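# An overview of the molecular structure
The lines below spell out each chain.
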Amino acid sequence: MTNMSLTIGSRFKGTGDGDVLTDDGEVDDQATVLRDYLSSNLDQKAPTAISVVNRLLKKPNISALQGSIRAILSSDRGDDVISGELAEIVGFDDIDLVMDILKDRFVVLQEVHNQCTYGDATDAHLHQLERSTNESSHHHLSQQEARRRMEQTFRENAARPLFSGTAKSRFSPINLNAQQEAPEVLPHVYSSSVMSQGNVLSQLGSKYMLPMGTVRKQEDEFEEVIVPPAKTIPPKAGERLLPVNDLEPLARESFPGYESLNRIQSLVYPTAYGTNENLLICAPTGAVNLRICAPMKALASEIVRKLSKRLSWLSIQVRELTGDMQMTKAEIAQTQIIVTTPEKWDVVTRKPTGEGELAASLKLLIIDEVHLLNEERGAVIETIVARTLRQVLLAFILTLVGVSKYKGLFYFDSSFRPVPLEQHFIGIKGKAGSAQSKKNLDSVTFLKVSELVAQGHQVMVFVHARKETVKSALALKEAAFADGTIDNFGCEDHPQYAMFRRSVGESRNKEMKQLFDHGFGIHHAGMLRSDRNMMERMFEARAIKGTQVYDSSKGSFVDLSVLDVLQVFGRAGRPGLESSGEGYICTTEDKLTHYLDAVTSQSHSIPRETISDDPQLGNKRHQLINFAAQKLADVGMIAFERATGAFTITDLGRIAAKYYIRHASIEIFNKEFRQKMTEADALGMLSMSTEVRSPSIYDNVYSASVQFEQIQFRESEATELELLMERIPCDVKGGMDNSRGKVNILLQAAISREVVDDFALVSDMAYALQNGGRIVRALLEIAISRKWANVTAVLMGLSKAIEKRMWPFDQPLKQFDLKADIFYGLQQWADEWSPSQLASLDAIELGKLVHLNERHGQALLAAANQFPAATITYDLRPIGPDILKICTRVKRAFTWNSKVHGNAEPFWLWIEDSGGIFILQLAHLVFRQTTDVLNVDFIISVPNGIPPPSITIRYVSDRWMGAEEEIFIPLESLVMPTASLSNTPLLDLPFLPTSTLIRNSSIAGTVAGRVDHLNAIQSQSYWSIINTKCNALLCAPVGSGKSSLAHILACITASQSDGWVIIVTPRRSLALETMLTLRNASSHLGFSVEYAAGPSILDRPKRRVIHVVTTAHLLRELSKRDPTIPVLGLDLVICENVELLDPTYELAVALLRHATQSLQTRFVGFSSSLNDASDMAEWLDVSASGLHSFRPQDRDQSLVFSISTFTIPQSGALFKAMAKPAHAAIQMAPSSEPTIIFIPSRGQCKPIALDLLTQCALQMETERGYLSPNTSPEYMEYHLSRLQDTSLIDFVSKGVGFFHEGILKSDRNLMLELFAEGHVRVLLVPRDSCWTLPIRATVVIVMGTQYFHVEAESSDRQLRDYPLTELVRMQSRAIKHNGTGYFHLFCQAEAKDTITRFLNEGLPIESQLLETDDFAQWVALRRSLPGGLRAQDVLDVLSFTFLGRRVVTNPAYYDCTSTSRDENLSRITDKITTRASELASSSMS
């Protein structure tokens, strides 16, 4: 027993006859045997040991140190290892005591334990032993007999049937206290006795002892620990393998060729297949195949192949999603099973749309290698589980994966491994990293490999360095030659040897060819995929005996992870081919214990005191969150308010999350990023990044957990790197003898398509190229978010350079698949020609240009015509004294080829300042095959009304190198309009009572009866609008009572003798709303209210009447009349919503004013607040006394306006990002007041509603959604039964309704009813329904201010901004007369200033008459009628338009260079008459 290490178990109770009782009173044979054995040894060594213990116990403060002493003495480490630790406890001045303790280590341990357990009783026992060494108070056996009985007991335990639950051996190494409660029995924990086999905890519960039978060997060059394979335990009673024929058909057919499931599968199957329980299955590597979220890319590929084959009969699609792979929406829709890695799933689930939508539709998530929680990558697993649970609206049940330990927890120990595994841990002697240590490592490796090969085994050797794959294989081969055993490695007798030999001969890898002849192979990520696949096939076919495996992300020597070790060992022994397996790990002697612990423990724990102080780990989690948040805040990735704990993501953080960039890299970028950078600067910064893929010893994994510095500079590569540096175009700062310089050189060499000889450099180059593309794309988005023009263009070129592997200065047509001789001719004779210049020639001329024939010229011409070019034109439109709109038209100027361009060609279009430093406005656009022209409006600020010298429009393709265009726009001669002085100050007047102002009680009661007093704006403007005959214009904020004044004026005028009033509205919905109000008054006042849409609109009525007419109907009737014939008898024209002035509205009012110019017809206009109302007043012939132009802030009602900006392009991702702040705005509403949310389109109603309900469920932990807490289930059930569209039930039942014309009227009205009553709290309304929405709400949210517009007879979608008038209408829905309204606007960051400016200062208004053909069509129509139309007649009508005023005050907007009104109108008349002639000609043809 000299090498045996034991751990003391539970406290023994003696009986009168010397037996030991258990806690339940039974005699414990095993404890009795152990006691007899211990007593035998104790009595034999008592004189020396007892004195040692007494000396030890006399040390000061020894009681506090006894636990540490026991832990040290009970460990399995050698005496020489623990001596130092003991000396630190005992004291170096008492080193003799340490030596004496080590001499009688086991007995001292026993007595120290007894001292801790029995106290004074043990002291008495010690004194008794001192008095008599030959006398014993206990019956005991001889040492040999005790040992024999112990081993017999162990054998009996090992032979016991397997049972479910925690092993309950009464001699448990973790039961030190007799009073310890019995361990909890779990139904699906399948384990053999903890003492007979498997890992054994030490008495402290913190160290694992090695399994019984472990052998430790000491050799000159190494120390070897051999852990025996676990003994397979017989099945328990009633356990059987589940026959495949007993499975349901769906499962049965997926196991062709199998008779039954294995043991683990048979035990798990009923719960896995028959229930919806979450499962946690802990089993030995290779014992069960349930991998879906695989830890490695290589495993993912393997699983995809297996599952695809198994499930093909069900037509189930299995796809791999790893690395830089992407899945389109079509692929997602076609796929039922996705196999991915944790890191890739982390990336995917960060995306709100596209691949990110996978999480929302997830029904089953299987995660392999959960034990990785104990490693660096464990954080990724925790993250994806937490995020997935949140995204699918699940809650944590008990532990990380929400597993019930009584139903879903399955544990199987190592006895379930299908092929028993013997594990060898070899510690190489010599100082780590020394030449001797390396020599010993090579020697021991060959020794073990040669022994295994001689026994007929295949051997897979894992190495740390890429160059070591070949170097180690060559070293093994040379050693085999020297040893005379090379023939053992040969595989010439393999039946497929000749076939594989031919395949190897076709490879370009010379090392692989050389090694194959002697039975060796190599495998690493730097090899071609075809070569790697070949190696795998040959190893599986046993056509090679040994393989050296390397992964490129292991660029330096580091400790293997637990995953690495387990996967290496897991590959030892293949079921069906071998009856046993052996796994070897060679490490330095100082790391031997580390790997023994790593394989035998795999414990995931935190200090016990942490749990006792903080049972729910709330403080710990809070600490971790604060620590991480502060780090992210320090580099600007989040905004963190430590006082409240609130944090929000920034653009920088969003980009980092999207591209998986670590905060350490962001910190570097913050220091190195500048507004102006060259390609060399950008490459230098890129090479400093800490981002690459995570280490894995066997294959590639997509992650960001190690650094570019792991691509180490090696002296052996210096010559080739130096040659590469001479040929690359950009300078390498800092030289090549460091990681940064090497990465820079390899990136440039890869772009230049340089050929690298050293296969290690080939691997590093591919490694840097793959990650470089991702990082530079992140840098590009950072530059765009900061609006840095110069560096954006540089990074955009660099991104395409990495993707295309060509430089911006290369011939752009190299991106086409042209013949080599054409490329040669281009480079030699036309390298400086642009694609547009080449496209200007014909095929013959091009053939001559490149010194080839016409056929080559035709191919070159086709490529030049297909190169994505664009023609850009623009118009400058000042819309205020300091705001300029640039109307840009981008015309496609290339021939579409689906094979070349696919479905879309994305590109960037931006405006940059005169210095090329800042991007003023930016848009990301897409050409499609049906696209002809894209229209984009940019709005920029002009500080102080003084334009800059120039600006530049830049067009850059997102995919094609060289597809760029820039347009220089001089602004020196641009004339901006003058600032407005037309605003009316709001006077501090008393509110006028309606009862005394309106003499007609019917009008007062019907129209103004809802309020007792006029508000401030109504009071100030009442006299001039109601009691005078002058034309008037009232511009006031929405909700300020303009319509009420209009209705009072209409009723008073119509009540007079033969009163005739026309109310002009730009929309039918507004006309119907006006009619509904006035008809209530008309029955009492003796006049009628009619919706005029027929030909009699302009005929003088025979009775008092108010005609409500839309601008379209009015223009149609006016177009039929001779403009020289006056409209008689018309008393009043009320122009409502003048801010909605469009060509139809403007022309209709202009013609009506022209037809009433000699009459006493009064015109009164009503509008929302305008930025400059002076020209509008002049157009309506309003004097200064009749103009009332109030600013938006002059409203009486309280309105809280907030604006939030986003930089995410218009997409589903944008609205998912808006869902959280939208939910917060809903929740901030006082007393659960209702909320209206305006969204871009009808199709987005349900997706956005789901996003909002998801946020509600996550943050409020309720299934009621936004349903009012006062709403009973019975009430809702009744109303839900009334819905005709059953798809609405799920939303309405959770308090969310919809309003738009696509919903049945009855359903629409029902949801409005529930909303008005407060049961439905959230109403989603598309933007185009804002004009028909009849209700208001306390909270109004505008989610986005852009929408996709589809032109008639076209499938192209063009992104457009909401008209400002629509935003004002939406804002009006939040204005309440009896409380505070809340208006939340979510918009793009670049639109914030413009929107805020005009919502706060009033709307800009310009004539749109020249933007459509309405006027030209009217001219053409009048010309076709009898009497015709002269040019002077056109000019006369034009002088009555709003355009006729604006050409003087803002001529640049209408492309007029003169300030003369007559000159400008004359030129416009010519243009309109010419266009009218064209329209007439086209209609006749």
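An account of the accompanying structure is given in this report. (Residues numbered from 1 in each chain as written. Predicted model: local features only at pLDDT ≥ 70, side-chain atom pairs only at ≥ 80, totals over all residues. Heavy atoms only, no water.)

## Quick look at the pattern of salt bridges
As a reminder, the rule being used: Salt bridge, as applied in this entry: a Lys or Arg side-chain nitrogen positioned within 4 Å of an Asp or Glu carboxyl oxygen. Only DSSP runs of H or I with at least four residues qualify as helices, and only runs of E with at least two residues qualify as strands; both kinds are numbered from the N terminus onward.
Using the criterion set out here, one finds 39 salt bridges in the structure. As a salt-bridge pair, Glu 717 and Lys 742 come within 2.8 Å of each other at their nearest N and O atoms. Of this pair, Glu 717 sits in the loop between helix H26 (679-687) and helix H27 (718-727) while Lys 742 sits in helix H28 (residues 739-751), placing them 25 residues apart in sequence. A salt bridge links Asp 1251 to Lys 1216; the shortest N-O distance between them is 3.0 Å.

## Digging into the nonpolar core
One recurring pattern in soluble globular proteins is that nonpolar side chains are buried together. Operational definition: In plain words, nonpolar cores are sets of buried Ala, Val, Leu, Ile, Met, Phe, Trp, Tyr and Cys residues tied together by side-chain atoms within 4.5 Å. Note on exposure labels: buried denotes an accessible area under 20% of the residue type's maximum, exposed denotes more than 50%, and partly exposed covers the range between, all computed with a 1.4 Å probe on protein chains only. Two residues qualify as a contact provided that any one of their heavy atoms is within 4.5 Å of a heavy atom in the partner residue.
In terms of nonpolar packing, the biggest core is built from 132 residues, with Leu 1324, Met 1343 and Phe 1415 touching the most fellow members. Sorting elements by how many residues they give to this core places helix H44 (residues 1212-1227) first, with 8 residues. Aside from chain neighbours lying at most four places away, what touches Leu 1324 is Ile 1237, Ile 1239, Cys 1245, Ile 1248, Ala 1249, Leu 1252, Val 1296, Gly 1297, Phe 1298 and Phe 1299.

## Quick look at the sheet that holds strand S32 (residues 1162-1168)
What counts here: The criterion for strand pairing is that DSSP finds at least two bridges linking the strands in question. Throughout, an axis means a line fitted to C-alpha atoms (over the contacting stretch in the case of helices), and angles, computed between N-to-C directions, take values from 0 to 180 degrees.
Spatially, S29-S30-S28-S31-S32-S27-S33 is the arrangement adopted by the 7 strands of the open sheet, whose pairing is parallel. Pairing within the sheet leaves two strands with one partner each, and these edge strands are strand S29 (1088-1091) and strand S33 (1187-1189). The mean angle between the axes of side-by-side strands here comes to 15°, regardless of whether they run parallel or antiparallel. The pairing of S29 with strand S30 (residues 1105-1110) spans 4 bridges and is parallel. Across the sheet, residue Tyr 1091 finds its bridge partner in S30, namely Val 1108.

## Quick look at the packing of helix H42 (residues 1143-1155) against helix H51 (residues 1414-1424)
Stated precisely, the cut-off is as follows: Oblique is the label for any angle not under 35 degrees, not over 145, and not in the 65 to 115 range, which are roughly parallel, roughly antiparallel and roughly perpendicular in turn. Here the term charged refers only to Asp, Glu, Lys and Arg, the term nonpolar to Ala, Val, Leu, Ile, Met, Phe, Trp, Tyr, Cys and Pro, and the term polar to all other amino acids, Gly among them.
One can describe the packing of H42 onto H51 by two numbers: an axis separation of 9 Å at closest approach and a directional angle of 45°. Taken together, the axes of H42 and H51 are oblique relative to one another. For the pair H42 and H51, contact is made by Pro 1143, Thr 1144, Leu 1147 and Leu 1151 and by Asp 1414, Phe 1415 and Trp 1418, respectively. Class assignment for the residues of the contact of H42 with H51 results in 5 nonpolar, 1 polar and 1 charged.

## Some remarks on helix H25 (residues 663-672)
The cut-off we apply is this: Note: the arc covers the axis-to-C-beta directions of the helix.
Taken together, the buried positions of H25 are Ser 665, Ile 666, Ile 668 and Phe 669. Viewed along the axis of H25, the buried residues span an arc of 160°, placing them on a single side of the element. Lining the buried residues of H25 we find helix H24 (651-659), H26 and helix H29 (759-785).

## Brief notes about helix H50 (residues 1392-1401)
Among the residues of H50, those classed as buried are Thr 1394, Ile 1395, Arg 1397, Phe 1398 and Leu 1399. Buried residues along H50 sit against strand S20 (870-880), strand S21 (883-892), strand S24 (933-941), strand S34 (1199-1206), helix H49 (1364-1372) and strand S41 (1381-1388). Backbone geometry just after H50 places Gly 1402 at a positive phi near 110°.

## Some words on the environment of Thr 1205
Within the fold, Thr 1205 resides in strand S34. Here Thr 1205 is in contact with Cys 1387, Gln 1388, Ala 1389 and Lys 1392, once residues within four sequence places are set aside.

## Quick look at the packing of aromatic side chains
Selection rule: Two aromatic rings from Phe, Tyr or Trp, using only the six-membered ring of Trp, form a pair when their centres are within 6.5 Å; if the ring planes differ by under 30 degrees the pair is stacked, by over 60 it is edge-to-face, and anything between is tilted. When the NZ atom of lysine or the CZ atom of arginine is within 6 Å of a ring's centre and also within 35 degrees of its normal, the charge is said to sit over that ring.
Across all of its chains, the model carries 22 aromatic pairs by this definition. Both rings, one in Phe 894 and one in Phe 927, keep their centres 5.9 Å apart while their planes meet at 70°; by these two values the pair is edge-to-face. Of this pair, Phe 894 sits in the loop between S21 and helix H35 (898-901) while Phe 927 sits in strand S23 (residues 919-928), placing them 33 residues apart in sequence. In terms of burial, Phe 894 and Phe 927 fall into one category: buried. One Lys or Arg, Arg 1327, reaches over the ring of Tyr 1347 and ends 3.9 Å from the middle of that ring. If you follow Arg 1327 out to its NZ or CZ, it ends over the ring of Tyr 1362, 5.9 Å from the centre.

## A word on the packing of H44 against helix H45 (residues 1245-1260)
The cut-off we apply is this: Crossings are sorted by hand: turned counterclockwise from the far helix by less than a right angle, the near helix makes the crossing left-handed, and turned clockwise it makes it right-handed.
The contact between H44 and H45 brings their axes to 9 Å, and the two run at 60°. Taken together, the axis directions place H44 and H45 in an arrangement best described as oblique. Remark: the crossing between H44 and H45 carries right-handed chirality. For the pair H44 and H45, the contacting residues are Phe 1215, Lys 1216, Ala 1219, Lys 1220, Ala 1222, His 1223 and Gln 1227 in the first and Ile 1248, Asp 1251, Leu 1252, Gln 1255, Cys 1256, Gln 1259 and Met 1260 in the second. A per-class count over the contact of H44 with H45 returns 7 nonpolar, 4 polar and 3 charged.

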